[in-house]
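# Topology and contacts: notes
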Amino acid sequence: KGAEVFIKYTPNDQWLFSVSNNYLDTRSGDDQSIQLNPSFMYMLKANIQFTGKPGTIGMAYMNRPGRFFTLNNESLFIEDLNDYIPDFSNGITENGNQFGTYSNLSINYSKFWSIKKRYALIGFVSLSNALNSTNERNLYYNVDYSEQFYEYYQPMTIYAGIVFKL
């Protein structure tokens, strides 16, 4: 089950403001006790954009709780396979843990130039994850499941480019 609220406000042809919030609850199991991904009590998105003579500049922000995951630090060694497998026999709750809050602020700028009314040049620059938030993405384990390693979403990144339209 889920719901979304979206509000957009454009006071004139230069400014655009929007905000949305999503609620999504997905569950599994006979008693619906297992929280599945994606499940978010909230997913807030906000956007502001200005378009004028200097170009278009925008700022977007997203914030949501982290995804659910199953934490395990025990394993069984299977001699026939010469390998470890995770051991879930000790009462581990499926998806009973949650990554930290995800947040991302992105800032974008673009400029459009018309060339002889037939061609166009578009320049852009983007700063993604401007606050350099450390957002957990996945959890990995070493070979015997005794150590955990986090994979993170992209750190602060700047990229720019030019597009020539024929």
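Let me begin by describing the structure that accompanies this report. (Residues numbered from 1 in each chain as written. Predicted model: local features only at pLDDT ≥ 70, side-chain atom pairs only at ≥ 80, totals over all residues. Heavy atoms only, no water.)

### With respect to a nonpolar patch on the surface
On the surface, a cluster of nonpolar side chains totalling about 530 Å² of accessible area is made up of Val5, Ile7, Val19, Met41, Tyr42 and Leu44. Sorting the residues of the nonpolar patch by element identifies strand E1 (2-9) and strand E5 (40-52) as the ones contributing at least two each. Of all the elements, E5 adds the most residues to the nonpolar patch, at three residues. (Patch = residues over 30% accessible without salt bridge, like charges linked within 9 Å, V, L, I, M, F, W, Y side chains within 5 Å. Areas by Shrake-Rupley, 256 points an atom, 1.4 Å probe, with all protein chains shown as cover. Salt bridge = Lys/Arg side-chain N within 4 Å of Asp/Glu carboxyl O. Helix = DSSP H or I, 4+ residues; strand = E, 2+ residues; numbered from the N terminus.)

### Thoughts on the sheet that holds strand E6 (residues 55-64)
What the seven strands build is an open sheet, ordered E1-E2-E5-E6-E11-E12-E15; its pairing is antiparallel. With partners counted over all chains shown, the strands left at the sheet margins are E1 and strand E15 (157-165), one partner each. Averaged over all neighbouring strand pairs, the angle between strand axes comes to 10°, with direction disregarded. Bridge count between E1 and strand E2 (residues 15-24): eight bridges; the pairing is antiparallel. Along E2, the bridge assignment pairs Lys8 with Ser18. (Pairing = 2+ DSSP bridges. Axes fitted to C-alpha atoms, helices over the stretch in contact; angles between N-to-C directions.)

### Details of unusual backbone geometry
Non-glycine residue Asn82 carries a positive phi angle of around 55°. By secondary structure assignment, the location of Asn82 is in the loop between strand E8 (75-78) and strand E9 (83-86). Located in the positive-phi region is Tyr145, a residue other than glycine, with phi close to 65°. On the secondary structure map, Tyr145 appears in the loop between strand E13 (136-141) and strand E14 (148-152).

### Points about the side chain of Asn104
Inspection of the secondary structure puts Asn104 in strand E11 (residues 102-115). Its relative accessible area of 15% is what places Asn104 among the buried residues. In terms of polar contacts, Asn104 uses its side chain to reach the side chain of Tyr102, at 3.3 Å. There is a polar contact of 3.3 Å between the side chain of Asn104 and the side chain of Ser106. The contacts of Asn104, once residues within four sequence positions are left out, are Ala60, Tyr61, Met62, Ser128 and Asn129. (Buried < 20%, exposed > 50% of the residue type's maximum accessible area, 1.4 Å probe, protein only. Polar contact = N/O pair within 3.5 Å; in protein donor to acceptor, adjacent residues only side chain to side chain. Contact = heavy atoms within 4.5 Å.)

### A word on the pairing of E2
Between E1 and E2, which pair antiparallel in sequence order, lie five residues. Looking at chain direction, E2 and E5 are connected through nine bridges and run antiparallel. Residue pairing in the sheet places Trp15 in a bridge with Phe50 of E5.

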